[in-house]
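Examination of the molecular architecture
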2 protein chains.
Amino acid sequence: MEQDKNDTCQELCINASIVEEVNEKMMENATHHDLASLFKTLGDHTRIRIINALYHSELCVCDITAILKMNQSAVSHQLRVLRAAKIVKNRKEGKNVYYSLDDEHIYNLVSLGLEHVSE
Amino acid sequence: MEQDKNDTCQELCINASIVEEVNEKMMENATHHDLASLFKTLGDHTRIRIINALYHSELCVCDITAILKMNQSAVSHQLRVLRAAKIVKNRKEGKNVYYSLDDEHIYNLVSLGLEHVSE
DNA sequence: TTAACACATGAACACATGCTCATATGTTAG
DNA sequence: CTAACATATGAGCATGTGTTCATGTGTTAA
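One numbering rule holds for all chains: residues counted from 1, following each sequence as written. For naming, the first written chain is A and the first written ligand is 1, with later ones following in the order written. With the structure being a predicted model, the display of local features is reserved for residues of pLDDT at least 70 and the display and counting of side-chain atom pairs for 80 or more, all residues being used for whole-chain, interface and lining totals. Only hydrogens and water are set aside when side-chain values are computed; all heavy atoms of the structure are taken into account.

**Description of the sheet that holds strand β1 (residues 59–60) of chain B**
All names here are of chain B.
- Strands pair, by our definition, only if DSSP identifies at least two bridges between them. The secondary structure listing takes helices from DSSP runs of H or I that are at least 4 residues long and strands from runs of E that are at least 2 residues long, numbered from the N terminus. In spatial order, the strands read β1-β3-β2; together these three strands make up an open sheet with antiparallel pairing. The open sheet has two free edges, formed respectively by β1 and β2 (88–93), since each of these has just one partner strand.
- Sitting on the sheet, helix α5 (residues 72–84) touches β2 and β3 (96–101), and the angle it makes with β2 is about 120°. Contacts between residues were defined by any pair of non-hydrogen atoms, one from each residue, lying within 4.5 Å. Every axis in this analysis is a line fitted to C-alpha atoms, fitted for helices over the stretch in contact. Angles between the N-to-C directions lie between 0 and 180 degrees.

**Here's the deal with the state of the cysteines**
All names here are of chain A.
- Put simply, a disulfide is two cysteine sulfurs that come within 2.5 Å. A complete count under the given rule lists zero disulfides over all chains for this structure.
- For Cys-60, which is in no disulfide, the shortest distance to another cysteine sulfur is to Cys-62 and amounts to 5.1 Å.
- Taking relative accessible area as the criterion, Cys-60 reaches 1% and is therefore assigned buried. Relative accessibility under 20% of the residue-type maximum defines a buried residue, over 50% an exposed one, and the middle range a partly exposed one, all with a 1.4 Å probe and only protein chains included.

**Here's the deal with the interface of chain A and chain B**
- Chain A puts 55 residues into the contact, and the matching count from chain B is 56 residues.
- By convention, the term buried area covers the 1.4 Å-probe accessible surface removed from two parts as they join, with the contributions of both added. For chain A, the biggest contributors to the area lost against chain B are A:Phe39, A:His105 and A:His116; these three give 12% of the whole.
- Salt bridge, as used here, is a side-chain nitrogen of Lys or Arg placed within 4 Å of a carboxyl oxygen of Asp or Glu. One can count zero salt bridges joining chain A with chain B.
- In protein, a polar contact means a hydrogen-donor-capable atom and an acceptor-capable atom, both N or O and within 3.5 Å, with residues adjacent in sequence counting only if both atoms are side-chain atoms; elsewhere, any N or O pair within 3.5 Å suffices. Counting every contact that joins chain A to chain B gives six residue pairs in polar contact (both at pLDDT 80 or more).
- Contributing elements (two or more residues each) for the side of chain A that touches chain B: α1 (16–25), α2 (29–42), α3 (45–56), β1 (59–60), α4 (61–68) and α6 (104–117) of chain A.
- Of the residues contributing to the side of chain A that touches chain B, the split by class is 28 nonpolar, 18 polar and nine charged. Gly is put with the polar residues, along with every residue not named as nonpolar or charged; the nonpolar set is Ala, Val, Leu, Ile, Met, Phe, Trp, Tyr, Cys and Pro, and the charged set is Asp, Glu, Lys and Arg.

**With respect to the protein's contact with DNA strand C**
- Taken together, 29 residues are adjacent to DNA strand C, and A:Asn71, A:Ser73, A:Gln78, B:Ser73 and B:Tyr99 come closest.
- When atoms of DNA strand C within 4 Å of the protein are split into backbone and base, the sugar-phosphate part holds 67%.
- With respect to DNA strand C, the side chain of A:Asn71 contributes an N or O atom lying 2.7 Å from a phosphate oxygen.
- Every element with two or more residues in the surface near DNA strand C is listed here: α3 and α5 (72–84) of chain A together with α4 (61–68), α5 and β3 of chain B.
- With six residues, α5(B) is the single largest residue contributor to the surface near DNA strand C.
- Taken together, the residues of the surface near DNA strand C break down into eight nonpolar, 13 polar and eight charged. Each residue is tested against the molecule or strand, and it is near if at least one of its non-hydrogen atoms lies within 4 Å.

**What to know about the confidence of the model for chain A**
- Mean pLDDT over chain A: 88, with 89% of residues reaching 70 or higher.
- The complex prediction reports pTM at 0.89, with the ipTM value standing at 0.89. Per-residue confidence from the predictor is reported as pLDDT, a score between 0 and 100.

**Section: the protein's contact with DNA strand D**
- In the vicinity of DNA strand D there are 29 residues, among which A:Ser73, B:Thr46, B:Asn71, B:Ser73 and B:Gln78 approach most closely.
- Looking at DNA strand D alone, sugar and phosphate atoms form 65% of those within 4 Å of the protein.
- A distance of 2.8 Å separates a base oxygen of DNA strand D from a polar atom in the side chain of A:His77.
- Residue A:Arg80 places a side-chain N or O atom 2.9 Å away from a phosphate oxygen belonging to DNA strand D.
- For the surface near DNA strand D, the elements supplying multiple residues, two or more each, are α4, α5 and β3 (96–101) of chain A together with α3 (45–56) and α5 of chain B.

**Some thoughts on the sheet that holds β3(A)**
All names here are of chain A.
- Spatial strand order, β1-β3-β2: three strands in an open sheet with antiparallel pairing. Single-partner strands in this sheet number two, and they are β1 and β2 (88–93).
- Two elements, β2 and β3, share six bridges in a ladder whose sense is antiparallel. Across the sheet, Glu-93 pairs through a bridge with Asn-96, a residue of β3.
- The sheet strands contacting α5 are β2 and β3, and the helix crosses β2 at an angle near 120°.

Right under this line is the structure:
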């Protein structure tokens, strides 16, 4: 006569009504996925530094490489990730490719994150 | 007579003054690290779902386990990560441990992230 | 005390991630 | 055309991360 719940939790401990309510209010799984994806992209030391550099000015790959003191390949790889996430956009000018932040959402997100960090 | 710059970039391509200026304006390395850390913690499907669940109500581990339909060990491990990042706090009540969001920074951060995602 | 339960945690494993190295692409100068 | 250069990209490797399984800890009830 047991409910066919998972076996770890006996249903005794949980407030079933609250669980059900939360389940209804929860965002969709796809949304969770996208959100986690966005934060994951922001959650890397190198990428945060790139974003921070672009905070102030449009920069070409070469500039970024110099600022981060990393090799060009590593920077390009990370720029690719940021591009895929639509966090940065790029513009070609002759041999150079200039990168900049794609929208101010990111700027705001990072700023807000900063508040949490530097409390 | 070459500058002792890295060899990838000949200094010809970069706007040295801008690079220098950006270098000055950049946040400290420790800050980058903390910021990346915070976002990395938020950048996981399971953890985002936990946070989203706690958006609405304080919940015990057992509740969360039921909501996420995951095994209790996995949930506990992730709660530990969230605790370490000061994203959630917990409160003991008898055999149960109730978790809730530690501050509203996180709520705001996730909300802002949501705006970027659902454009 | 002992049994039952909620939760925490260490070890092990599969998989993802970031870097480096080598090389490819595309543009400009000569 | 070819050489030089800025950037992109694939492969390989070392390290990090999330889950599961087994077990430990702490609390309540009998």
